[in-house]
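Descriptive structure summary
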Amino acid sequence: MRAITGIWHWRHNPLRRRTDRLEAWVALAAALLIALGATTVGWLTGHAANDALLGTVRIQHEQRHLVWATVDRLVSRAPLDPDPETSSQRDAHRRVIARWRAWDRSEHLGQVSTPRPVDPGDRFRIWTDDRGAVVPRPMDTSTASTHAVLAGLGAAAAIGGLVESGRRLFVWRLMVRRFRRWDQEWERAGQDWGRAGAGG
């Protein structure tokens, strides 16, 4: 931001160099690109992701069905784990052989995970596809919207980072060029610099 305000301050300054003006204009262009370009890309990406994810939500809700499953028997427990809080041990307590009727009225028997500890004969709900295969629950619209917002923010951040990286690279090359010119000017000044009557 100092470089942007510098555009005004350097306008009539006799010490102003061409590179100072160029650096300030590049900073202004980068700020505008980040403010307008990054936000526009982020909004467009988020909007496109939201449309695609809402389509996925609609398809999943059409193709996945909540059905009742009845516990037939418990799956034999895994060997004793020294840490009872590990995920493998917790999952072993909730794996059962269950029966369910699919959306197409076909009967199924298989191993499933239960949402809570159960006993044989207990009933619980599972998600299945049209043919009765167990599937994850469908995505809901709030989850889709959250993913779309994150995609938009990620795209905006990526564009902003790209623009800022380009600006920094340009300024670095500008500084290298500036230092080279200073070295050349010091060499031209010679070793008489600062002596009385030098250059006279």
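**Structural notes on the nonpolar core**
In terms of nonpolar packing, the biggest core is built from 10 residues, these being V67, A69, V71, V96, A98, W100, V112, V118, F124 and I126. Of all the secondary structure elements, the ones that give two or more residues to this core are β1 (65–74), β2 (95–101) and β4 (123–128). Once you skip the residues sitting within four places of it in the chain, A69 turns out to touch A98, R99, W100, D122, R123, F124 and I126.

**Focus on the packing of helix α2 (residues 18–63) against helix α4 (residues 141–189)**
Across the interface, α2 lies against α4 with an axial gap of 7 Å and an inter-helix angle of 160°. The orientation of α2 with respect to α4, classified from their angle, is roughly antiparallel. Seen from above, α2 lies across α4 with right-handed handedness. Partitioning the contact of α2 with α4 into residue classes produces 22 nonpolar, 10 polar and 7 charged.

**Description of α4**
Along its 49 residues, α4 runs 71 Å from first to last C-alpha, staying within 8% of the 72 Å computed at 1.5 Å per residue. Those residues of α4 not exposed but buried are A144, A148, G152, A155, A156, G160, V163, V171, L174 and R178. The elements touched by buried residues of α4 are α2.

**Describing the pairing of β2**
Across 5 bridges, β1 lies against β2 in antiparallel orientation. In the strand pairing of β2, R73 is matched with I97. Looking at chain direction, β2 and strand β3 (residues 107–113) are connected through 7 bridges and run antiparallel. Bridge pairing in β3 places A98 opposite G110.

**Some points on α2**
Taking 1.5 Å of rise per residue, 46 residues should cover 68 Å, and α2 covers 65 Å from first to last C-alpha, within 8% of that figure. At I34, α2 shows its strongest bend, of approximately 30°.

**Considering the sheet that holds β2**
Strands belonging to one sheet form pairs held by backbone hydrogen bonds; the direction of such a pair is parallel or antiparallel. Read from one edge of the open sheet, 4 strands run β3-β2-β1-β4, paired in antiparallel fashion. Bordering the open sheet on either side are β3 and β4, each of which pairs with just one other strand. Adjacent strand axes in the sheet meet at a mean angle of 45° when their direction is disregarded.

**So, the environment of G46**
Locating G46 in the fold gives a position in helix α2. For G46, a relative accessible area of 12% corresponds to the buried category. Here the alpha-carbon distance between G46 and H147, two residues 101 residues apart in the chain, equals 8.5 Å.

**Some points on unusual backbone geometry**
Unlike most non-glycine residues, R105 shows phi in positive territory, near 75°. In this structure, R105 sits in the loop between β2 and β3. Residue R105 is classed as exposed on the basis of its relative accessible area of 58%.

Reading guide: rules and limits
- Residues numbered from 1 in each chain as written.
- Predicted model: local features only at pLDDT ≥ 70, side-chain atom pairs only at ≥ 80, totals over all residues.
- Heavy atoms only, no water.
- Core = buried A, V, L, I, M, F, W, Y, C linked by side-chain atoms within 4.5 Å.
- Buried < 20%, exposed > 50% of the residue type's maximum accessible area, 1.4 Å probe, protein only.
- Helix = DSSP H or I, 4+ residues; strand = E, 2+ residues; numbered from the N terminus.
- Contact = heavy atoms within 4.5 Å.
- Axes fitted to C-alpha atoms, helices over the stretch in contact; angles between N-to-C directions.
- Parallel < 35°, antiparallel > 145°, perpendicular 65-115°, else oblique.
- Left-handed = near helix turned anticlockwise from the far one by under 90°.
- Nonpolar A, V, L, I, M, F, W, Y, C, P; charged D, E, K, R; others polar.
- Expected span 1.5 Å × (residues − 1).
- Pairing = 2+ DSSP bridges.
- Bend = angle between axes of the 7 residues up to and from the residue.

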